[in-house]
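What follows is each chain in one-letter form.
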Amino acid sequence: MRRTGLLIAIVVTITAILGGLGVVGAPPAQAATLTQVSNFGSNPGALAMYAYRPAGATSGRPVVVALHGCTQNAAGYAAGSGWTELADRWGFTVVFPQQPTANNQTSCFNWFQAGDVTRGQGEAASIAAMVAYTRSTWGAGRAYVSGLSAGGAMSAAMLAAYPDVFTAGAIIAGIPVGCATDTVTAFSCMNTPPTRTPAQWASAVRAKAPSGTTDWPEVSIWHGDADFTVRPGNATGSRDQWTAVHGVAQTPTATSSLPGGTTRAVYASSDGAARVTTYTIAGMGHATPNDPGTGAQQCGQAGAYFADTLCSSWYDAVAWGLDGGSGGTPPTTTTPTTPPTSTPPTTGPSLGCWTASNYAHTQAGRATQSGGRAYAVGSGTDLGLWNTFVTTSLRETSAGYYTNVPAC
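Quantities reported herein were computed from a predicted structural model and do not represent experimental measurements.

Quick look at the overall build of the protein now. Helix and strand content of the protein: eleven helices and 17 strands. In the protein, 68% of the contacts between residues at least 6 apart in sequence involve partners at least 24 apart. Here the protein has roughly 14,900 Å² of accessible surface; of this, 55% comes from carbon and sulfur atoms.

Rendered as structure tokens:
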């Protein structure tokens, strides 16, 4: 046991309030099986690794790390979050780390312990080792992380400590990085989020990242406006934190209305690429938004601390390109707050044809999955908003490139 009995007793008292999460049912029969991986490498955090790898998860396809909340486990979160359903549909791998009670008697990830959120240490190092295992064993490509509550706070910590490992991540009912340093401050952060400037919040992220980091993960932030377990002010702090890290303003560049009483706000950089996206769900308490059903945009199962509003995993997966461009973005009511700086062309062919060899997914030349600007690699030529001019699929290949069909 890595914690002393006294510390566990303190953690139990606080984390029972921190998580407020109930156990949900086991996942339904799927095309693949949630399987424990016993020897995945260095495991200083003493976590368990469960993996869901459908037959379609070929080499080069992404891996998503999904972190459960307090009192939950890997199987319950796999069922409620819907990530396994999307993995079956789009052929990517999902890793579900599980917190044993030997670490924390209420199964919370220890997001408030410095030894567990520091790069190369504790639980953070164990999660990073799981990603490394999927790459060395199965040839997994880009990595993403998402989590609820304590898992959401740990998701934020992983994005800060390992920005070179994760391309993007989601913080669901979570806490800004650096808000808490022990159980007492964790309780305070949850109930009375501190007031800090965006620059102060950003410094906490930069302090955890490798020195000289300039390329940061894209971040989505989900929170119910009726969450009395982790107050919505934490979502504001997370927004301020990550927009400042990316060097973008705290004023959204576009807002839109989604199902389930959800308001989406996008904070884009000067090239039009979304860096931070917030999702505020009206009337929702402390939960992961899901939407049980068989529709194209539905996922998850009903359970405690899963709110039947909209499938957050589906929206994140599409925004991150895990669907390969096939899922699309549903119609929304959108209000741009910053008009385009140029008039984009209206047809793909007029731009010529692109292949994986001449259009790389890099910071200098990239297209996002939703409303980003496309730039010709090597020239910096502005091709406009890709979702305006692309008439055929723009997708991410296993090599990490975007390609527009028809090819050259």
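Right, let's talk about helix 9 (residues 233–246) for a bit. Here helix 9 is 14 residues long and its end C-alpha atoms lie 20 Å apart, about the 20 Å a rise of 1.5 Å per residue gives. Along helix 9, eleven of the 14 residues are buried, which leaves the element largely enclosed by surrounding structure. Of the residues making up helix 9, those classed as buried are Asn234, Ala235, Gly237, Ser238, Asp240, Gln241, Trp242, Thr243, Ala244, Val245 and His246. Positive backbone phi, at 75 degrees, marks glycine 247, one or two positions downstream of helix 9.

Of note, threonine 71 is a non-glycine position whose phi angle comes to about 70 degrees, a positive value. Along the chain, threonine 71 turns up in the loop between strand 3 (63–67) and helix 2 (74–81). Phi at alanine 173 takes a positive value of approximately 50 degrees, unusual for a residue other than glycine. With respect to the helices, strands and loops of the structure, alanine 173 is situated in the loop between strand 6 (166–172) and helix 7 (183–191). On the basis of relative accessibility, which here comes to 2%, the residue alanine 173 falls in the buried class.

With that settled, the discussion passes to the nonpolar core. In terms of nonpolar packing, the biggest core is built from 48 residues, with Met49, Val65, Met154, Met158, Tyr162, Phe166 and Trp242 touching the most fellow members. Of the residues forming this core, the biggest block, eight residues, is contributed by helix 5 (residues 122–138). Those residues within four positions of tyrosine 162 in sequence are excluded, and the remaining contacts are Arg119, Gly120, Ala124, Ala125 and Ala128. Ranked by size, the runner-up nonpolar core spans 39 residues in total, among them Ile172, Trp222, Ile281 and Trp314.

Let us now look at the side chain of serine 126. With respect to the helices and strands, the residue serine 126 is situated in helix 5. At a separation of 2.8 Å, a polar atom in the side chain of serine 126 contacts the main-chain amide nitrogen of glycine 45.

The subject of this paragraph is the packing of helix 8 (residues 198–208) against helix 9. Contact geometry of helix 8 with helix 9 gives a least axis separation of 7 Å together with a crossing angle of 70 degrees. Accordingly, the angle class assigned to the pair helix 8 and helix 9 is roughly perpendicular. Facing helix 8, whose interface residues are Pro198, Ala199, Trp201, Ala202, Ala204, Val205 and Arg206, helix 9 presents Gly237, Asp240, Gln241, Trp242, Ala244 and Val245. Of the residues assigned to the contact of helix 8 with helix 9, the class counts are nine nonpolar, two polar and two charged.

A separate point is the pattern of salt bridges. One pass over the full model with this rule turns up three salt bridges. In this structure, arginine 239 and aspartate 240 form a salt bridge, with 2.8 Å as the shortest nitrogen-oxygen distance. Judged by its relative accessible area of 11%, aspartate 240 is buried.

What follows deals with the confidence of the model for the protein. Mean pLDDT for the protein: 80, with 72% of residues reaching 70 or above. Within the model, the stretch residues 1–30 combines pLDDT values under 50 with 83 contacts to residues more than four positions away or in other chains. This stretch, residues 327–408, has a pLDDT under 50; its non-local contacts, to residues over four places away or in other chains, come to 178 contacts.

What follows deals with the environment of alanine 254. Along the polypeptide, alanine 254 turns up in strand 8 (residues 254–258). Residues alanine 254 and tyrosine 267, spaced 13 residues apart in sequence, show a C-alpha to C-alpha distance of 7.2 Å.

Summed over all chains, the structure comprises three disulfides. Shown here is the disulfide that connects cysteine 70 with cysteine 108, its sulfur atoms set 1.9 Å apart. The sign of the S-S torsion, about 125 degrees, decides the handedness of the disulfide formed by cysteine 70 and cysteine 108: right-handed. Highlighted residues: cysteine 70 in the loop between strand 3 and helix 2 and cysteine 108 in the loop between strand 4 (93–98) and helix 4 (114–117), separated in sequence by 38 residues. Cysteine 108 carries the same exposure label as cysteine 70, and that label is buried. The disulfide bridge from cysteine 299 ends at cysteine 311, spanning 1.8 Å between sulfur atoms. On the S-S bond that ties cysteine 299 to cysteine 311, the torsion sits near 75 degrees, and the link is right-handed. Taken as a pair, cysteine 299 in the loop between strand 11 (288–290) and strand 12 (306–308) and cysteine 311 in the loop between strand 12 and helix 10 (312–319) lie far apart in primary sequence, twelve residues in all. Across the pair, exposure class does not vary: cysteine 299 and cysteine 311 are buried alike.

Conventions we followed
- Residues numbered from 1 in each chain as written.
- Predicted model: local features only at pLDDT ≥ 70, side-chain atom pairs only at ≥ 80, totals over all residues.
- Heavy atoms only, no water.
- Helix = DSSP H or I, 4+ residues; strand = E, 2+ residues; numbered from the N terminus.
- Contact = heavy atoms within 4.5 Å.
- Areas by Shrake-Rupley, 256 points an atom, 1.4 Å probe, with all protein chains shown as cover.
- Expected span 1.5 Å × (residues − 1).
- Buried < 20%, exposed > 50% of the residue type's maximum accessible area, 1.4 Å probe, protein only.
- Core = buried A, V, L, I, M, F, W, Y, C linked by side-chain atoms within 4.5 Å.
- Polar contact = N/O pair within 3.5 Å; in protein donor to acceptor, adjacent residues only side chain to side chain.
- Axes fitted to C-alpha atoms, helices over the stretch in contact; angles between N-to-C directions.
- Parallel < 35°, antiparallel > 145°, perpendicular 65-115°, else oblique.
- Nonpolar A, V, L, I, M, F, W, Y, C, P; charged D, E, K, R; others polar.
- Salt bridge = Lys/Arg side-chain N within 4 Å of Asp/Glu carboxyl O.
- pLDDT = per-residue confidence, 0-100.
- Disulfide = S-S within 2.5 Å.

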